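Take a look at the letters that make up each chain.
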Amino acid sequence: MLILELIGAIWLILGILFSLVGMIGVFRFPDVYSQLHASGTVSTLGVICCVIGAAFLHPAWFPRLLILGLFVLLTSPAAGHAIAKAALNAGMRMKDPVRDDYQRDVPHAYESIENAIEKEVD
Amino acid sequence: MGFYLFSSLLISLTWLGLTRRYSIENFGLGLFLGFVLAFVAPQKTKIPAIHIPMMIVTLLLYIIKLYIEVFKSGILLTRRVFARETGLNTGIIAISTQDPSGSDWVAGLSAHAITATPGDMVVEFSEDEQIMYVHVLDMQASQGYLDPQQKARLSDLYTILGRAIPAKGKK
């Protein structure tokens with residue numbers, strides 16, 4: 001029992017650390033898209049680690065936690081994608097991109113929604 | 001029939017997990033609820049019942065792969081966050097979905113899997129949903145593997161979706 005609790009506590013601490021890393025990444029990375037990698041992916045790993053830890057601490061909850069982990073896995077990338085798409089549509093630019101195929105393919109890329117509406121009205 | 005069976009099996013297993021009452025009656029109730037939900041679902045595909053075991057096995061392996069990718073991704077990003085220089089070569093690459101049927105399911109699941117992989121995130125689709133615009137943290141690394149990875153992913157997705165992907169616009 002003590003070993004299970006110990007393993008569970010280690011997973012919980014790992015989860016908290018990964019969540020903390022996600023937060024630090026938001027400050028370290030230069031633009032909104034890179035920040036989303038940190039806040040989205042690393043924080044997802046943080047939550048998954050916490051879920052694994054909870055499964056060790058409360059083995060009876062395992063089926064529910066399994067489903068919870070699955071929902072987190074399914075929904076978290078979708079949330080990151082939605083925020084990134086909103087940033088792109090609002091005209092947020094990357095900082096010093098090496099290559100940008102979106103700007104190449106879309107004529108009015110990075111034109112904010114307000115500007116686009118103003119142009120249409122004019 | 002296969003679509004109803006596959007959906008209701010997944011829903012009934014979820015039902016068992018959520019209610020934590022592991023009995024034949026409760027499984028039957030979950031199966032019934034699954035059938036009802038599958039019946040009212042807007043998109044119906046014809047899946048031969050014989051493909052269902054393979055679909056479930058591939059789905060489970062696919063989920064395990066996704067978990068591994070999330071772990072790899074988290075560790076890679078943690079290393080970048082704590083590196084003295086983050087060493088980012090960011091950019092947006094256009095990647096084809098490589099799916100001739102133009103299925104929304106394939107496009108959505110491909111985007112989801114790419115976002116779960118280390119250092120890549122789908123930010124936008126082209127209007128015909130055939131091109132995904134992927135924001136990458138390391139351009140040199142991502143350029144090489146994104147296309148072959150998508151090809152491999154596509155075969156998994158075809159199996160999971162029962163090799164009967166509805167053509168775009170069809171209901």
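This structure is a prediction, so every number in the text was calculated from the model and none was measured.

Definitions and limits used
- Residues numbered from 1 in each chain as written.
- Chains lettered and ligands numbered in written order.
- Predicted model: local features only at pLDDT ≥ 70, side-chain atom pairs only at ≥ 80, totals over all residues.
- Heavy atoms only, no water.
- Helix = DSSP H or I, 4+ residues; strand = E, 2+ residues; numbered from the N terminus.
- Buried < 20%, exposed > 50% of the residue type's maximum accessible area, 1.4 Å probe, protein only.
- Salt bridge = Lys/Arg side-chain N within 4 Å of Asp/Glu carboxyl O.
- Phe/Tyr/Trp six-rings, centres within 6.5 Å; stacked < 30°, edge-to-face > 60°.
- Core = buried A, V, L, I, M, F, W, Y, C linked by side-chain atoms within 4.5 Å.
- 1 Å grid on protein atoms, 1.4 Å probe; cavity = no way out; pocket = protein on both sides within 12 Å on 5 of 7 lines; lining within 4 Å.
- Points joined across faces, edges and corners; volume = space filled by probe spheres on them.
- Nonpolar A, V, L, I, M, F, W, Y, C, P; charged D, E, K, R; others polar.
- Contact = heavy atoms within 4.5 Å.
- Buried area = accessible area lost by both parts, 1.4 Å probe.
- Polar contact = N/O pair within 3.5 Å; in protein donor to acceptor, adjacent residues only side chain to side chain.
- Pairing = 2+ DSSP bridges.

Trainee: I tried to follow unusual backbone geometry on my own but got confused; where do I start?
Mentor: In terms of backbone geometry, most residues other than glycine have negative phi values and most peptide bonds are trans. The phi torsion at A:Asp96 lies on the positive side, around 50°, for a residue other than glycine. By the secondary structure assignment, A:Asp96 is in the loop between α3 (62-89) and β1 (99-100). Since its relative accessible area comes to 62%, A:Asp96 is described here as exposed. With phi around 60°, B:Gln98 is a residue other than glycine that occupies positive phi space. Among the secondary structure elements, B:Gln98 is positioned in the loop between β1 (91-96) and α4 (104-116). Classification of B:Gln98 as partly exposed rests on a relative accessible area of 28%.

Trainee: When you look at the pattern of salt bridges in this model, what are you seeing that I'm missing?
Mentor: For side chains of opposite charge, pairing can occur when their charged atoms come near one another. Taken as a whole and assessed by the stated rule, the structure comprises 7 salt bridges over all chains. Across the pair A:Arg104 and A:Asp105 runs a salt bridge whose closest N-O atoms are separated by 2.9 Å. In this structure A:Arg104 comes out as exposed when scored by relative accessible area, which is 55%. A salt bridge links B:Lys65 to B:Asp156, with the shortest nitrogen-to-oxygen separation between them at 2.6 Å. Here the residue B:Lys65 occupies a position in helix α3 (residues 52-82), and B:Asp156 occupies one in helix α5 (residues 139-160), the gap between them amounting to 91 residues. For B:Asp156, a relative accessible area of 17% corresponds to the buried category.

Trainee: Explain the packing of aromatic side chains to me, please; I cannot follow it from the model alone.
Mentor: Under the criterion given, the structure shown has 2 aromatic pairs over all chains. Measuring from ring centre to ring centre gives 6.4 Å for A:Trp11 and B:Phe71, while their planes differ by 90°; the resulting arrangement is edge-to-face. One end of the pair, A:Trp11, is in helix α1 (residues 2-28); the other, B:Phe71, is in helix α3, on a second chain. When its relative accessible area of 22% is taken as the criterion, A:Trp11 is described as partly exposed.

Trainee: I would appreciate a short explanation of the nonpolar core in the present structure.
Mentor: For soluble globular proteins, nonpolar side chains are generally found buried alongside one another. A:Leu73, B:Tyr62, B:Leu66 and B:Val70 are the most contacted members of the largest nonpolar core, which has 28 residues in total. Listed by contribution, the elements that provide at least two residues to this core are α1, α2 (32-57) and α3 of chain A together with α3, α4 and α5 of chain B. The biggest single contributor to this core is α3(B), with 9 residues. Judged by nonpolar contacts, the second largest core, of 13 residues, contains A:Leu88, B:Met121, B:Val123 and B:Tyr133.

Trainee: Mind showing me how you'd approach the layout of surface pockets here?
Mentor: To find leftover empty space, a probe the size of one water molecule is rolled over the atoms. Residues and elements named next belong to chain B. In this model, the second largest pocket occupies a volume close to 190 Å³. As for the second largest pocket, its lining consists of Tyr-62, Lys-65, Leu-66, Glu-69, Ala-113, Thr-117, Gln-149, Ala-152, Arg-153 and Asp-156. For the lining of the second largest pocket, the elements supplying multiple residues, two or more each, are α3 and α5. Classifying every residue of the lining of the second largest pocket gives 4 nonpolar, 2 polar and 4 charged.

Trainee: Got a minute to help me understand the interface of chain B and chain A in this structure?
Mentor: Accessible area lost upon the coming together of the parts serves often as the stated size of an interface. Between chain B and chain A, the contact holds 43 residues from the first and 49 residues from the second. Interface area for chain B against chain A, summed over the two sides, is near 3900 Å², with a carbon-plus-sulfur share of 70%. Our count for the contact surface shared by chain B and chain A stands at 1 salt bridge. A:Lys85 is paired through a salt bridge with B:Glu124; the nearest N and O atoms lie 3.2 Å apart. In this structure, the connection of chain B to chain A is made through 14 residue pairs in polar contact (both at pLDDT 80 or more). For the side of chain B that touches chain A, the secondary-structure elements that each account for two or more residues are α1 (2-19), α3, β1, α4, β2 (120-125), β3 (131-136) and α5 of chain B. Of all the elements, α3(B) adds the most residues to the side of chain B that touches chain A, at 13 residues. Tallied by class, the residues present in the side of chain B that touches chain A amount to 23 nonpolar, 15 polar and 5 charged. Here β1(A) runs beside β1(B); their pairing, made up of 2 bridges, is parallel. Residue pairing across strands places A:Arg99 opposite B:Gly91, the latter belonging to β1(B).

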